[in-house]
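Read off the chains here:
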Amino acid sequence: MEDETMALEGAQHWDPAKIGAHWQQELERAQRYFKSWHDRCGKIEKIYLDQQSDQTSAAKRRFPMLWANTAVLQPAVYARVPQPVVERRFKDADPVARIASEIVERNLAYTGDEADLDSIMRAVRDDFLLCARGTVWLRYEADFEPLDMGVAPSDPLAENGLPGETAATLETIADERVCVDYVHWSDFLHSPARRWKDVTWVARRVPMSEEEMEKRFGREAMASGAAEAAGSRKGESQAERAENEGKTHVWEIWCKSENYTVWIADGSPVALEVSEPPLELTHFWPCPRPAYGTMSTSSLVPVPDYVYYQQQCDEIDLLTRRINKLTDQLRLKVFYPSGDGAISPAIEKAMRPENDMVMVPIPEWAAFTDKGGSKAVVTLPIDEVQKVIVACMSARKQLIEDVYQITGISDIVRGDTQASETATAQRIKSQWGSIRIRDRQAELARFARDIIRLAGEIICDQFQPETLMLVSGIKLPSMAEKQQVQMQMQQMQMAAGQAAARAQQMGQPAQASPEMAPPELPPQLQQMMGQPTIDEVVQLLRNDSIRGFQIDIETDSTIEPDEDAEKQRRMEFVQMVGGFMQQAGAMAQQSPLLVPVMVETLLFAARGFRAGRQLEGMLEQVGAQLSEAASAPKPEPQPQPSPAEMLKLKTAEVKAGAEQRKAELGVAQAEIEHRATVEQARSEMAAQAIDQMRASYQ
């Protein structure tokens, strides 16, 4: 009730009309701030996509320099999906933090697969290379279902007494997930600022149909006119207009300075919804800092790389068109005399393009030879045209080299090498050739890490314990289950103590009966009692300050794929453990006091391997047992008895054995006699019963 009252107070505090007018002005101001960059990126994207659409005319042919450079850089800056790495920050012996790290890492891996993080990162990479900025948006979604209370549904009267109004049904979370949405470079805005930490609000544009808007904001918002987007853009191209047909662009705005979120249709003066942020994130934003390319320290407006070699590309296109035009002029053009009867048609027939080899008869051969024969045919010289084409190609090649120098794409990155170069020269070229793209690789790796961290924060704060265990496949006991087992153990111990007390009162030894033995837990229960509870894990994950100190979320490399990386890590771990065991075994036999030191050394080495985290708990358990066994005092060796004492001991053992066998025979004989007496008594009782029955019949 308190939460509902606070929500109502907040809803009354925010005026959708005033807030809508304010944010329309803010959005227009941000659009003016990014207008030049948006126009430039639109032209670059058009060049990237349309430069090979019309290649039929020589006057319109282009050299696909932008596409070629982008295709070379795409696998160089991002090659595979990032894998989450969740580790304890200080690698200490903390079983709760270890299990929590593994649970979060498995949930993040599943989230990345479900959200198709690889395709999202590739789209961000393309925006990053073309427009120098790429970003995503994270959301939390949950599916609810009615809670089964085991009671048949009813239709009680509401508070106002009207029939047919049922009370609100209780719901439970059936499924929950973290969604990662790719945001196009033209659909993302933020407040003008010099640094990302100075940004006060961020916004993304979402196209929504009427059904989606009604489902999201309700019928009241749709009827109020706030959903009418005045002047909402439909797109410039035919494809964009077809994509936006029947949809309204809605801006989702997160304002950090006012601590609220706003949904407003593009061009509408009234806000659709104003509410508190649905997620309480550490840095407030539901998106990581965008992946930026070239920027200055004066603003957050990036500069696309294509700007720096656009003039060279224009000259390359000009030379390409000129080369194509001149190539079209490389044709054999013939001049011959006309009006000579059968001679002119014969020359024309011989020079037709479709005639590769032809024999043409000339009736007036004497007249043909008198006029010079083949000398009567004159061809247009094309040597000068060929020289111009060679010069144009040389100039274009030099311009392409200039572009490679500007972009930093070396020969080794393009895969262009010379046979005369040695392996050392190629390795040096590779190292220096990749220096200028390392910043781009690091920026995309940072961006992927921020996505994983945001998703991990949402998982830690929002996911239910059942979802955490279901997705990760790790089953942990609850605190109630552990307490139940402890209560059962206490009851069994109390029962054993009472049985031992009764045995002592009767003069029997305390361990004579199995019922009086101390209770022992089954191995499965012992393992369960040694594990941390899911309540402790969730408590650690929910606490932001403790979680930040004890758990660190990173990602592995996103550059070079390595299919055998996991196998190699496991083999390295096995080799390390095997070599350590072989050396530590001999040392433990000579100096048992060093066993605890060697156990801690092994655990210290195992915590450095990701592959060893699953075996760390078993290593800690075995190590504790070995340390306890090594530190336990050994029994003092008893002196060896003399031969005479050995003879006496043997004689005593023989006598004791004979007496034991004699006692056993006596017990067996007494048991036989007891059975015979019992059988005789039974037969006598049966005879008496028969006599009584006979007497009763007589």
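For the structure itself, consult the block above.
Attention in this report is confined to the structure presented alongside it. As the structure is a prediction and not an experimental result, all values here were calculated from the model.

1. Let's talk about the overall build of the chain
- Each helix and strand in the chain was counted, giving 24 helices and 12 strands.
- Counting only residues that meet the buried cut, the chain has 33% of its 698 residues in that class.
- Long-range contacts, defined as pairs at least 24 residues apart, comprise 76% of the intrachain contacts of the chain with a sequence gap of at least 6.
- By element, 54% of the accessible surface of the chain is carried by carbon and sulfur atoms, the whole surface being about 44200 Å².

2. Some remarks on the layout of surface pockets
- The computed volume of the second largest pocket comes to approximately 870 Å³.
- Along the wall of the second largest pocket there are 27 residues; nearest its centre are R139, E141, R204, R216 and W263.
- By residue class, the composition of the lining of the second largest pocket is 13 nonpolar, three polar and 11 charged.

3. A few points about the pattern of salt bridges
- This structure, assessed with the given rule, holds 20 salt bridges.
- When the shortest N-O distance is used, the salt bridge between R139 and E141 registers 2.5 Å.
- Classification of R139 as partly exposed rests on a relative accessible area of 24%.
- The salt bridge partner of D305 is R440, with a shortest N-O separation of 3.3 Å.

4. With respect to the environment of E466
- Inspection of the secondary structure assignment puts E466 in helix α16 (residues 465-472).
- A relative accessible area of 56% places E466 in the exposed class.
- Residues E466 and L476 lie 10 residues apart in sequence; the distance between their C-alpha atoms is 10.0 Å.

5. Concerning empty space enclosed by the protein
- On inspection of all chains with the given rule, the structure shows four cavities of 30 Å³ or more.
- When its volume is computed, the largest cavity comes out at roughly 80 Å³.
- Around the largest cavity, the lining residues are L66, N69, T70, L73, L129, D305, Y309, T407 and R440.
- By residue number, the principal contributor to the lining of the largest cavity is helix α4 (residues 65-77), which donates four residues.
- Class assignment for the residues of the lining of the largest cavity results in four nonpolar, three polar and two charged.

6. Remarks on the sheet that holds strand β6 (residues 248-255)
- Within the open sheet, the five strands sit side by side as β4-β5-β6-β7-β8. Their pairing is antiparallel. The open sheet is flanked by β4 (188-190) and β8 (273-275), the only strands paired with a single partner. If you compare each strand with its neighbour and ignore which way they point, the axes differ by 20° on average.
- Bridge analysis of β4 against strand β5 (residues 201-208) gives three bridges, and the strand direction is antiparallel. For F188, the partnering residue across the bridge sits in β5 and is R204.
- The sheet strands contacting helix α2 (residues 16-33) are β4, β5, β6, β7 (260-265) and β8, and the helix crosses β7 at an angle near 80°.

7. Section: the pairing of strand β2 (residues 133-146)
- As defined by bridge partners, β2 adjoins strand β9 (residues 291-292) across two bridges and the pair is classed as antiparallel. Its bridge partner being in β9, G134 is matched across the sheet by A291.

8. Here's the deal with the packing of aromatic side chains
- Taken as a whole, this structure holds 11 aromatic pairs when the rule is applied.
- For the pair W196 and W285, a centre-to-centre distance of 6.4 Å together with 55° between the ring planes defines the contact as tilted. With W196 in the loop between β4 and β5 and W285 in the loop between β8 and β9, this residue pair connects regions lying 89 residues apart in the sequence. W285 matches W196 in its accessibility class, with the two residues each being buried.
- Relative to Y309, the ring of Y306 lies with its centre 5.4 Å away and its plane at 80°, an arrangement referred to as edge-to-face.
- Cluster of aromatic residues (ring-pair linked, three or more members): Y33, F34, W37 and W185.
- Sitting over the ring of F34, R133 keeps its end group 5.5 Å from the ring centre.
- Seen from the ring of W263, R216 lies directly overhead, with NZ or CZ sitting 4.8 Å from the centre.

The rules behind the values
- Residues numbered from 1 in each chain as written.
- Predicted model: local features only at pLDDT ≥ 70, side-chain atom pairs only at ≥ 80, totals over all residues.
- Heavy atoms only, no water.
- Helix = DSSP H or I, 4+ residues; strand = E, 2+ residues; numbered from the N terminus.
- Buried < 20%, exposed > 50% of the residue type's maximum accessible area, 1.4 Å probe, protein only.
- Contact = heavy atoms within 4.5 Å.
- Areas by Shrake-Rupley, 256 points an atom, 1.4 Å probe, with all protein chains shown as cover.
- 1 Å grid on protein atoms, 1.4 Å probe; cavity = no way out; pocket = protein on both sides within 12 Å on 5 of 7 lines; lining within 4 Å.
- Points joined across faces, edges and corners; volume = space filled by probe spheres on them.
- Nonpolar A, V, L, I, M, F, W, Y, C, P; charged D, E, K, R; others polar.
- Salt bridge = Lys/Arg side-chain N within 4 Å of Asp/Glu carboxyl O.
- Pairing = 2+ DSSP bridges.
- Axes fitted to C-alpha atoms, helices over the stretch in contact; angles between N-to-C directions.
- Phe/Tyr/Trp six-rings, centres within 6.5 Å; stacked < 30°, edge-to-face > 60°.
- Lys NZ or Arg CZ within 6 Å of the ring centre and 35° of its normal.

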